[in-house]
Every structure is written in C-alpha cells, then in structure tokens.
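Inside the fold
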2 protein chains.
Amino acid sequence: MSSFLTDHGVLVALACAACALVYGAVTARSLLALSPGNERMRAISAAVQEGARAYLNRQYSTIAAVGILLFVALIFIQDIWVAIGFAIGGLSSAAAGYIGMNVSVRANARVAEAAREGVPKALSVAFRGGAITGMLVVGLALVGVAAYYGILTSWVDQRPKEAIDALIGLGFGGSLISVFARLGGGIFTKGADVGADLVGKIEAGIPEDDPRNPAVIADNVGDNVGDCAGMAADLFETYAVTAVAVMLLGVLTFQESSAVAIYPLVLGGVSIIASIIGTFFVRSASGNVENALYKGLIASAVIAAIAFFPVTHWMMDGVTTRVVGGSGDAPSVGDFYICSLIGLAITGLLFVITDYYTSTRFAPVRSTARASETGHATNIIQGLAQGFQSTAAPAIVLALGILWANDLAGIYGIGVSVMAMLSLTGLIVALDAFGPITDNAGGIAEMAELPEEVRNVTDPLDAVGNTTKAVTKGFAIGSAVLAALVLFRAFEFELNEELIAGGGDPVTFLISDPAVLIGLLIGGMMVYLFAALSMEAVGRAGGAVVEEVRRQFRERPGIMDGTQEPEYGTCVDIVTRSAQREMIIPSLIPIVVTLVVGLLSVEALGGLLIGVIVVGLFMAVSMTSGGGAWDNAKKLIEDGAFGGKGSEAHAAAVTGDTVGDPYKDTAGPAINPMIKVANIVAILIIPLIV
Amino acid sequence: MSSFLTDHGVLVALACAACALVYGAVTARSLLALSPGNERMRAISAAVQEGARAYLNRQYSTIAAVGILLFVALIFIQDIWVAIGFAIGGLSSAAAGYIGMNVSVRANARVAEAAREGVPKALSVAFRGGAITGMLVVGLALVGVAAYYGILTSWVDQRPKEAIDALIGLGFGGSLISVFARLGGGIFTKGADVGADLVGKIEAGIPEDDPRNPAVIADNVGDNVGDCAGMAADLFETYAVTAVAVMLLGVLTFQESSAVAIYPLVLGGVSIIASIIGTFFVRSASGNVENALYKGLIASAVIAAIAFFPVTHWMMDGVTTRVVGGSGDAPSVGDFYICSLIGLAITGLLFVITDYYTSTRFAPVRSTARASETGHATNIIQGLAQGFQSTAAPAIVLALGILWANDLAGIYGIGVSVMAMLSLTGLIVALDAFGPITDNAGGIAEMAELPEEVRNVTDPLDAVGNTTKAVTKGFAIGSAVLAALVLFRAFEFELNEELIAGGGDPVTFLISDPAVLIGLLIGGMMVYLFAALSMEAVGRAGGAVVEEVRRQFRERPGIMDGTQEPEYGTCVDIVTRSAQREMIIPSLIPIVVTLVVGLLSVEALGGLLIGVIVVGLFMAVSMTSGGGAWDNAKKLIEDGAFGGKGSEAHAAAVTGDTVGDPYKDTAGPAINPMIKVANIVAILIIPLIV
C-alpha cells in the first residue's frame, strides 16, 4: 500500500500534466515558426482568426454572465470551495478551448503552405496543430483536478471526501462551458455551412470555398469554433468530470480513501506520457494518412495498457476493504487492471463500429449512396435507417463493458474503465482538431488560388479528417454515457449519505415506482426537446445567413465579377449573434428541468437522470453515425460511384449531407455534455432536496 | 357491494358486446345494399378486393405457422387453458381484421357512387364503413375476454386469478396478430405507395391513381391492409390486453377479486353503448366533415363519462381492502371514478396535441411547409425537429396522468384510466378506417373517370381522413404505453408471487443495478433495431415494385397509350411476398430478445421492459407526428401556399412526404404492439425464469 505512487500520486499526476503543457508550448512554438504562406493566405487566415476570436469573446461573455450567477448560487447551496472549484473548471476549460483554437486558426495557412511539399509534410503540420489542443485539454484538466485536490487536502487540510466534493464544482464548471461551447459552436458552424451552401452552391452557382461568397469566412470560422473549440470543451469536461466522479465513488465505496482517490489521477498521468510518445508514431512515409494517425493511437493505447499494470499494482495492492457495491469477493489488483483494459477495449470497439457505419468501404454508406439513385427521399430513409441501426452494436458493447467491469470491481470498476477510455483523450482530440485545420487549409488554398497540387494534398487529408471526426464522436458519446452512469451512482451514494445523516431513510429508485417512471419520461423528453431546439436553431441561423448574402449580392452587384469585395464580417457577426441567442434555452434545459424535478421529487430526479442517459445514448449515436453515413455517401458519389458529381444521385446525396450537418455536428454531439450536466447538477443540488 | 352488476357483470359485458356485433352486422347489411356503381367501378373494386384477400390469406398463413409453434410452446410453458386463450385471441383478432377489411374494400366503390350526391351522403357511407370495423374490434375483443372468463370461472370452475392467467394467453394471441399485421400491412402499404410514386409520378410522369400505373391497385390494396386491417388488429390487441392486465392487477392488489376483475369489462361494455349512440351524432348538414366526426366522438365520451358514474358506484362501493400498491388511504368510489375521467381527459389532450402538430392550421406544419422553400434538406430538418418536439407534450400528459391516477388508486387506478381511454376505441377505429375507404373511393373515381364533382367530394373527405389517421395514431401510442406499464406491473407482481411461492426472495428493479441498466439499454436497442429494419424493408419492397413496373412498361409499350392493359396482379403479388418475408425478423425481436434476456437475468428483463416502453414512446410519437407534419405540409403547398403545386417547394415537400410514409405508417405505429408483445411475453415466460 505504501508506495511512492500512493504517497506522491498527486505530484506524479501534476508532473505528467506539466509534460502535456510543455509539449503543447514547444509544439506551438515550432508550429508558429513555420511560414504562413503568401500575403493573400495570411490575409485570409487573419480574417478567420479575427472571426473566431470575435465569436469566442462573445461566447465567453455570455457564459460568464450565466457563470457568475451560478457561482453565487453555489456559494449558498454548497460552499465557497465548491464555487471556487466551479470557477477553476470553467476557466481552465475556456483556456483550453481558447488557446487551442488560436493555434488551429494559425495552423491552417501553415498547412496550406506545407502542402506545397506533399502529404507527409502537410500531415505533420496539421496533426501537430491538433495535438496542441489535445495535450492542452488533458494537461489543463489534470492540472486543475490534481492541483485543486492537492491544495485542498494539504493546505486547506480537508479530508479526501470534502476535497472531492469541491472538485464536483470544478467538473460543473467544465460542463457549463462544454454544453454552451458544443451547442453555440455547433449552431455557428452548421448555420454558416448550411447558409453558405444554400445561397452559394444552389442559388449563385459558385463552388464551395469561393471567395466571392460573403459567408465563406464564417464557414471557415465555424469549422474551428465547432469542431475544435467545441470538441475540446466537451472532452475537457468528460475528462475532468469522470476523474472527479471516479474519485468520489472511490472514497464512498472503499475504506482506503487516499489510494482510490489518487489512482484515477495517476492513470490519467501515465496516459499523458503514453500519448506524447504516441504522437511520434504519426508519420506517413507511405502516404497512407489514416494508417499513420491510427498507428499513433494504437501505440499510445499499447503503452498505456502496459503502464497501467505497475501503476495498478503499486497503488491498489491492499485495497480490499470494500464498503458497499459490487458482487462477489473484494476486487484484487488484477481485477482493477482488467477494468482498465476493458476501457481500452471499449474504445477500440467503438472506433471499429463507428468506422463501419461511416466509412465508404462498408455496406451502410454504400447502401445510402445507392439509395440516392432513386431520389432524395430514399437517400434520407436509408440514412435514417442506418443511423437507427448503428446504435445496436455500441449499446451492446457498453452493456457488456458495464456488466464485466461491475462484476470485477463494482461501480468503481466501471469508473476505472472510463478513466482508461479517457486516457486516450489527448490523441483523440488531436485526431478531431486535425479535421478543421485541413478543411481550413483547403479553403485557404482555394481562395488564395494556390496551384492544383496543393488541393490534391489537402483534399485527401480533409477526407480522412471527416472519418476521424465521426469516429471520435462515437468515442465521445460512449465515454459520456459511462461517465454519466458513474456520476449517477455518485449522486445516489451522496444523496443517501445525506438522507441517513439527517435521520431519514435512504431512497431507492425502483423502475416500477410511478415517480421514477415519470422521471424516465421527463429525462427522455429533455433529450428530444434539446435535439429539436438545436436542429431548429441551425435552420434559423442558416436562414439569416441566406438573407444577408442575398442582400450583399443585391447591393454590390460587382461581387460576382470580382470588381467589388464581399463583406465577410457581417456574416460572421450574424451567425455569432444567432448562435449566442439560440444556445441559451437548450443549454438551460439540463440545469433548470433537473433542478425543478429535483425539488418536486427525489425519485423522479433519479428516473430523469437515467432517462437522459438511456434516451440520450440512442439519440446521439443515431445522429452522429447517420450524419457521418450521409456525409460519406456524398463523398462516395463525388468520387465517381452511382453517377458521380452532377448526377441526380449526387443532388440527392447533397440533401442527405445537409440534413446530416445539424444531426452530426450540432444536436448529436451536444447531447454528450447535456447528459453529464444533468447528472452533475443533481449532485450539486442535493443540499436543496434532502 | 352486492349489486346486479357485480353478480352479473360478465353477462352485462357480453350483452353490450353483442350489441356491437349486431350493430356491425346490421350496418354491413345496409351498406352492402347500396349501389357499387357502374361496371368499371365494380371491376376496380373487385381487383382491390381480390388483392386484399390474397394478401390477408398469405399473411394469416404465415402467422398461423408461427402461431402453432407458440400454441404448443404455451401448453408446455403454461397450460392448456393459456394455449386455448391464445388461440381464441388470435382467431378473434384475425376475424375482426378480416371481416372489417372485407367491408372496407366493398365500401370504397359505394362511397364513390354516393359522392355523386354530395358530401353528407358520401360521409355517411364512408363513416359507416369504418364504424363496422370499429364495432367488430371492440365487440369481438370484449366477447372473447368476457366469455372466456365466464366459461373458466363458471364451467371450468377456476378461481378469478387462474382464469385471468389463461386470459393472458388470449391477450398474447391478439398481440401476435397485431405486430405481424401492423408490420406486414405497413410494409405492404408503404412499399406499394413509395414504389408506385417513384416510378409513376417521377419516372413516367403520370398522376397518382392513374390506371396506367401497374402498381395502382397494389397501392389501393395497401391502404386497406395497412390502415384498416393493421389498425384494427393493433387496437383489438390494446383493448383485449389492457382489459386482461387491469383484471389481473385488480385480483393481485385487492381482496374483492370478483368486483375488481369484472369492473373493466363492464366499463368496456357501457362504452360500447355510448359509442353506438355516438355514431348517430356523425352527421354533416353543414358540410364540415371534421366537426361531424369529432361531434360523434365527443358525444360518446360525454355519455361514457356519465355512465361510468353509476357503474363505478354499484360495482366498486365497498372495494377498500387493498393488498399492495398505491399511497395514502384506500381508494374510494370517487377515486375510481376520477381515474376513469383521467383516461378520457388523456384521450382528449392527446387528440388536441397531435392535431396541433399535424394540422395545416398550426405552426409546426406551416413552418415545415415554409422550410420547403429553401429545398429538400431544410424541409427534412424542420420535419425531424417538429417530430422530436412533438414528443414533449404527450410525455408530460402521460406523466401527469400516471401520477394522478396512481395517487388515487395505485397501479389499478392507472389501469382504470387506460380502460376509460380505450372505451372510445370503437369510434376511433371508425375514424381511422374512414381514411382508407375515402382514399380508395377517390382512386376509383379517378380510374373510372367519374365526373370532376365526385373527386371534389372525395378529396376533402380524404384530407380529413389524413388528419384523423394521424390523430388516432397519437391515441394508439398513448394507450399502448399506459397499457404496457400496467402489463409491466402485472409481470412484476406475478413474478414476485412465484418467487415467494418457491421460497425465494422477491426481485426489485433498481435503476442503479447494472443488470437493470443493461436491460434498459437492450430495450432501447430493440426499438431502434425494429425501426431500422422496418424502414429498410419499405425501401426494399418499394424497389421491387419499381423494377416490376419498369419491366411492364418495357415489355408492354402499349400501356402508356392505353392499347395494352397493365398487369396489376403481379405488383400485388410482389409486395405481398416482400411484406411477408420482411415482417418476420422484426416481429420476432420482441419475442426472442425478451425470452433470451429473461433466461439470462430477471433484473435485466425488468429493465428491458421499461426501456422498450420509454424509448418506444418517444420514437413512435416523433415518427407518427413528424410523418403527419410532412404529409400535411405537402397538402398545404398543394393548396396553393408557398408556390403551390409544381414549385420547387412542392418538390421538396414531396420528398418530406415520402420520408414520412414509412415513418408514420410502418415503423412508428408498429412500435405500439411491439411494446406490448415484449411485456406480455415476459409474463408468459415467468415459469421458465423463476
């Protein structure tokens, strides 16, 4: 029991997290030293940077207003330490998103410039751009959690349990940023995308990324604020929240509170080292980009799997006094280690499954492309059916993972699995952020009229980015569901502890209890309402863009023949305002509905939390996989299948792709943080409801 | 306690049910006495009749094969009485569908002929055609349940509890027919519809219902086998299953087993009388068809609400010895009566909500129509968003209903509410079956080249039929969810009774139990898989029709100029075979998955049942309302809004309507019986799992 790791685990975690931050800083420095290309390229990149900064500033101001209210509320409902944790979580998540995005919008022109020298060079720049965000996310999350825990236990002299309660606030801070960033960014990116496409491609007949389209800069800004900043905030939150929830469950269910509290942090720490090593495996000598990226991921998974063994052995040997939960004997070191391997296996399986449903190589995308031959409607029907079907395998994988990990080490075992899943977060964010950087690079190449060869390098990179984006979404929702389950159990334990401390009886959540059932219905309703509102928001934002572009074409007839400049800023401004306005109400759903139901009935609150998780899983997976299938069905046709570009089938596939946009980039991924916000709010309002 | 009703309740129910059958027979006789029109009309009607008969014969043969296997299995798992009940349920449901559909396919030509004399006459014929099916459904269901109960308790000398166990078999018989009929009929009708539209309207450029389209008869057959026979089987099942489940819960939770067992039957009986009286209120002097239909519904609801009071007073006065369940004091007569009124109120609210989301008068349909102006994709996005949003209000209504009824009289109170909801079934089936009859009548008028005025009468009737169809689906899913909850509780009580009898501990379904959670995930997965498979089935059936029609146009070039006759029979045959093949696997999902999970873990089985109910509710409502919104958005544009027929917006709206077809007529409504089959299978396999 008494090893260096157990005694100094917090310091080890902090040291590892510092490595991530150093990696980020060094890589950013070397990246920014590269040439950002000619004057035209720099100008376009600057316009994207300005738009992205303007958007994020406005978004963070809006969130800050809500955040200050919640900060004050937390002081009264909980205590000052929880409120301070909330501020730390919010600020670090915002910092990760802000810095990461600022790097991304600078990397875009540098990737376009590097693409003049071929695929390996462009891949290296784009991937490093994404890796900076990835390492910042995990580094800041781990620093925040470990440092605040260390400060509270050492200097403020709190017991582990008290310190972790304050950390729940930190998780909530991250969650708040996350739901706003996912939703606001999602509405921005898809509003701009749909609007630019509708008026540019369809009405004016100009190609994508054409500089005459006044919405083109907004579209490029959107790629960054949605896929880069949004995803970063989402995974920051999942990472921080999961770590906190697992720590909490550890101290609630085991007696060895120090070891079980620090174990998740050390797992996260060694994974950072594994991820940094993994980044050096991303090299494409052969030109196969997908293989190069996955090689990095597999390398860091293998290193992590090996490293977990001694860590588990040193820390968890002797942790046997289980307080509650689980079945059979108390878990052994081997049991904990297997739980961590289960997490890595779940990640692998979710990757393979999402790849099957969204890659052009397999039946789902091919059948969706084939269905486009008989028209728009059959394309949509097939895409919806594929989306529905794609939920089955992930549901079974998660179910088996839950079953096995629980059997080995109870709910804490499930928590260890999720921590192991999330150990790959740094690289996964890198894979995701890689997408918008190359997408932007292609846009810059198009607008700056770079030679054809440059697009021939960026286009295949962009296609790979589409697949990695889809695949990382499968990972994000899978980990979100498991993390939410861990949070739910933490809620249940905390609640019953408070109830018993107050002299009352513990509450049980029976599915046959009408109140629990009603909660399940309300939870499901929250997911559907959230999805409905965010889909409609994209429609409205897109409509506003269409009107603005029409106005510019009308008032400046010279735009089309190049004699007048379009005004890019107004489009950015319109989508920004639209996204800010539209994100508020859906974002408040998981906070307000959870609070109101909790005040009315504790049993209904329990049902609500599980209803959100179960219904949310199916909704999110069907949306992200269905959207990915539509996207790549269009790509398959554009590559020449089923009539190719310009055919009737292509027109139908474009419809599917446009429907898929808000599905896979707005509503679907925003469900992840929404699930967790509901569960974390429940924990925080316990003092109000007992 | 000892009133005539309590002593002779079964006879009262049987007498009322007999009235329904007599009403059906007399009305059928008077309807068939009407003129079926000229020779051409009779020929078309005969072709539809032949196709419908051929389809139903094949469908029932397929079901019979599965049914015989299950019959034998039930003898071994349960006993001979359950198996006989199963046969009775299956045969009466089949009889209701068979006779009803045979009347409908004869009523079509008669409505077309009556339409020559104006709206009131046509409405009267079409409504009476639907009312025959409606009264047969409730009459046969009530006769089956009441007579078998009477026989078992009087002649076979079983105790109420034993007799009701055998009735579960009867419910299962109805369920089996229902899931096959909904799915097979849904695949048939939409396969034919989508296929006929794709090749006729889009490729050959001929209007809907054009006799040159070889798939036109199959399309008309589909309206009958899907909306008429399918809906009849669905509501037969809901009615019978609910009655049985409420009876079962009554004897399980109260000591006065005779009164609580017979009360639901008497409620059903007096409702039949109320419904028969209600049919006489359906008259349109003013020509407002919708008002006329709703007047009938409101009249019978009011009469039922009044009649429930004395019935409840006479039967339930003195029922106070609650065994288990509910909160607070034992329920009074007033409590039971309020429960019945809650059921009627739920029906009314679900009607208003579905009407709001699917009628051309309100924002959801108007916004979907407006979104069509910017293309196919925005129409689809808006329709999907409206479908999602439309789940919120029904979920809240059902939640409040559950809460209130449970508070008054426990789970039996919820059962009484569902029985009261279902008391309007006879009229609701009539409203639904009214749709395909007028739709067919319009088709016959078109094909037989009747004067323009005839279509001017049938078209508005058809439009009303679309709304009533959508609205009755909202009712069907709402009642299915509540009925399934009652079944779930019955399952839980039975299971625990068996467990305790075997010397074991009762099982509890805690949502925090990993096994229950896994069950919830598997239940949700069943719904998504079921929906995915049935949507794809429609796509495949439609594709087969397209190929056959193309073949006929190629081999008989004279079809288009009228010198050669198309071969209608082969199209009917192809969709028939396709529907038979495609319905098997999805139909087996709720039987096989439930059985396998039940054998593995009782806790997971409980989770599965609730997972199917909760996820199924949202999926079914969003599909049926979304589909209805798309359908009527197209109608709104065809009536001249947003550019009218032939505009770009119209083309986009046609896409939405085609996507909505399998949504609202195949997958969505088939989820209702699927939910109940899973729950009833769970009850029947209890002997295998304890």
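Residues numbered from 1 in each chain as written. Chains lettered and ligands numbered in written order. Predicted model: local features only at pLDDT ≥ 70, side-chain atom pairs only at ≥ 80, totals over all residues. Heavy atoms only, no water.

Let me state the cut-off plainly: UniProt positions are given in the numbering used here, feature names are shortened, and annotations may be inferred rather than shown by experiment.
You'll find chain A entered in an unreviewed UniProt entry as K(+)-insensitive pyrophosphate-energized proton pump, with Conexibacter stalactiti given as the organism. Annotation of chain A in UniProt includes, under Cofactor (unreviewed entry), the sentence "Mg(2+)".

1. Examining helix H14 (residues 452-501) of chain A
All names here are of chain A. Threshold: Helix and strand labels come from DSSP, where a helix needs a run of H or I of at least four residues and a strand needs a run of E of at least two; each type is numbered from the N terminus. Helix span, as expected, comes to 1.5 Å for every residue beyond the first. Relative accessibility thresholds used throughout: buried, under 20% of the residue-type maximum; exposed, over 50%; partly exposed, between the two (1.4 Å probe, protein chains only).
Relative to the 74 Å expected for 50 residues at 1.5 Å per residue, H14 spans 71 Å between its end C-alpha atoms, a close match to the ideal helical length. In terms of burial, H14 is largely enclosed, as 39 of its 50 residues are buried. Immediately downstream of H14, the backbone of Gly503 shows phi near 85 degrees, a positive value.

2. Brief notes about the nonpolar core
To keep things clear, this is the line we draw: Nonpolar cores are built from buried Ala, Val, Leu, Ile, Met, Phe, Trp, Tyr and Cys residues. Side-chain atoms within 4.5 Å join them into one set. Between two residues, a contact is recorded if the distance between any of their heavy atoms is within 4.5 Å.
A:Phe491, A:Ile610, B:Tyr412, B:Phe491 and B:Ile610 are the most contacted members of the largest nonpolar core, which totals 525 residues. Ignoring any residue separated from it by four or fewer positions in sequence, one finds B:Phe491 in contact with B:Phe509, B:Leu605, B:Gly606, B:Leu609, B:Ala682, B:Ile683, B:Ile686 and B:Ile689.

3. Some points on the environment of A:Val179
Residue and element names in this part refer to chain A. For Val179, the position within the fold is in helix H5 (residues 160-204). Linking Val179 and Glu453, residues 274 residues apart in sequence, is a C-alpha distance of 40 Å. When residues no more than four places from it in sequence are discounted, the contact partners of Val179 are Phe530, Ser587, Pro673, Met674 and Val677.

4. Observations regarding the interface of chain A and chain B
What counts, and what does not: Here the buried area means the combined drop in accessible surface, using a 1.4 Å probe, for two parts upon being joined, counting both sides. Any pair of N or O atoms that falls within 3.5 Å is considered a polar contact. Within protein, one atom must be able to donate a hydrogen and the other to accept it, and sequence-neighbouring residues count only if both atoms are side-chain atoms.
Counting residues at the interface gives 59 residues for chain A and 59 residues for chain B. For the chain A and chain B pair, buried surface summed over both sides reaches about 5,400 Å², with 83% attributable to carbon and sulfur atoms. In this structure, the connection of chain A to chain B is made through eleven residue pairs in polar contact (both at pLDDT 80 or more). No other element matches the 14 residues that helix H15 (residues 514-555) of chain A contributes to the side of chain A that touches chain B.

5. Concerning the relation of the copies chain A and chain B
As a reminder, the rule being used: Here the copies were fitted onto each other by least squares, based on C-alpha atoms from residues at pLDDT of at least 70 in both.
Between the two copies, chain A and chain B, the superposition gives an RMSD of 0.0 Å; the rotation angle is 180 degrees and the shift along the axis is 0.0 Å. A rotation of that kind, with that shift, is consistent with a two-fold axis. Ranked by how close their C-alpha atoms come to the rotation axis, the residues of chain A are headed by A:Leu510, at 2.3 Å. In this assembly the copies share their binding face: 100% of the residues contributing to the interface of chain A also contribute to that of chain B.

6. Description of the packing of aromatic side chains
Stated precisely, the cut-off is as follows: Centres within 6.5 Å make a pair out of two Phe, Tyr or Trp rings, where for Trp the six-membered ring is used; the pair is then stacked when the planes are under 30 degrees apart, edge-to-face when over 60, and tilted otherwise.
Scanning the model with the defined rule gives 34 aromatic pairs over all chains in all. Ring geometry for A:Phe488 and A:Phe491: centres 6.2 Å apart, planes at 40 degrees, overall tilted. Highlighted residues: A:Phe488 and A:Phe491, both in helix H14, separated by three residues, approximately one helical turn. For the pair formed by A:Phe488 and A:Phe491, the shared burial category is buried. Where B:Phe491 meets B:Phe509, the ring centres are 6.3 Å apart and the plane angle is 25 degrees; that geometry is what we call stacked. Separated by 18 residues along the polypeptide, B:Phe491 in helix H14 (residues 452-501) and B:Phe509 in the loop between H14 and helix H15 (514-555) bring together distant segments of the chain. The same class applies to B:Phe491 and to B:Phe509, which are both buried. Members of the aromatic cluster, each reached through a chain of ring pairs, are A:Phe254, A:Tyr263, A:Phe336 and A:Tyr412.

7. With respect to a nonpolar patch on the surface
Residues and elements named next belong to chain A. We count it as follows: Patches draw on residues past 30% relative accessible area with no salt bridge. Two like charges within 9 Å are joined, as are two nonpolar side chains (Val, Leu, Ile, Met, Phe, Trp, Tyr) within 5 Å. Surface accessibility in these figures is a Shrake-Rupley result with a 1.4 Å probe; residues are shielded only by whichever protein chains are displayed. Salt-bridge detection follows one rule: a side-chain nitrogen of Lys or Arg within 4 Å of a carboxyl oxygen of Asp or Glu.
A grouping of Ile68, Val72, Ile75, Phe76, Ile80 and Trp81 is seen on the molecular surface, where their side chains present a nonpolar patch of about 570 Å² in accessible area. Among the secondary structure elements, those contributing two or more residues to the nonpolar patch are helix H2 (39-77) and helix H3 (80-114). No other element matches the four residues that H2 contributes to the nonpolar patch. Considering the arrangement of structural elements, one finds Phe76 in helix H2.

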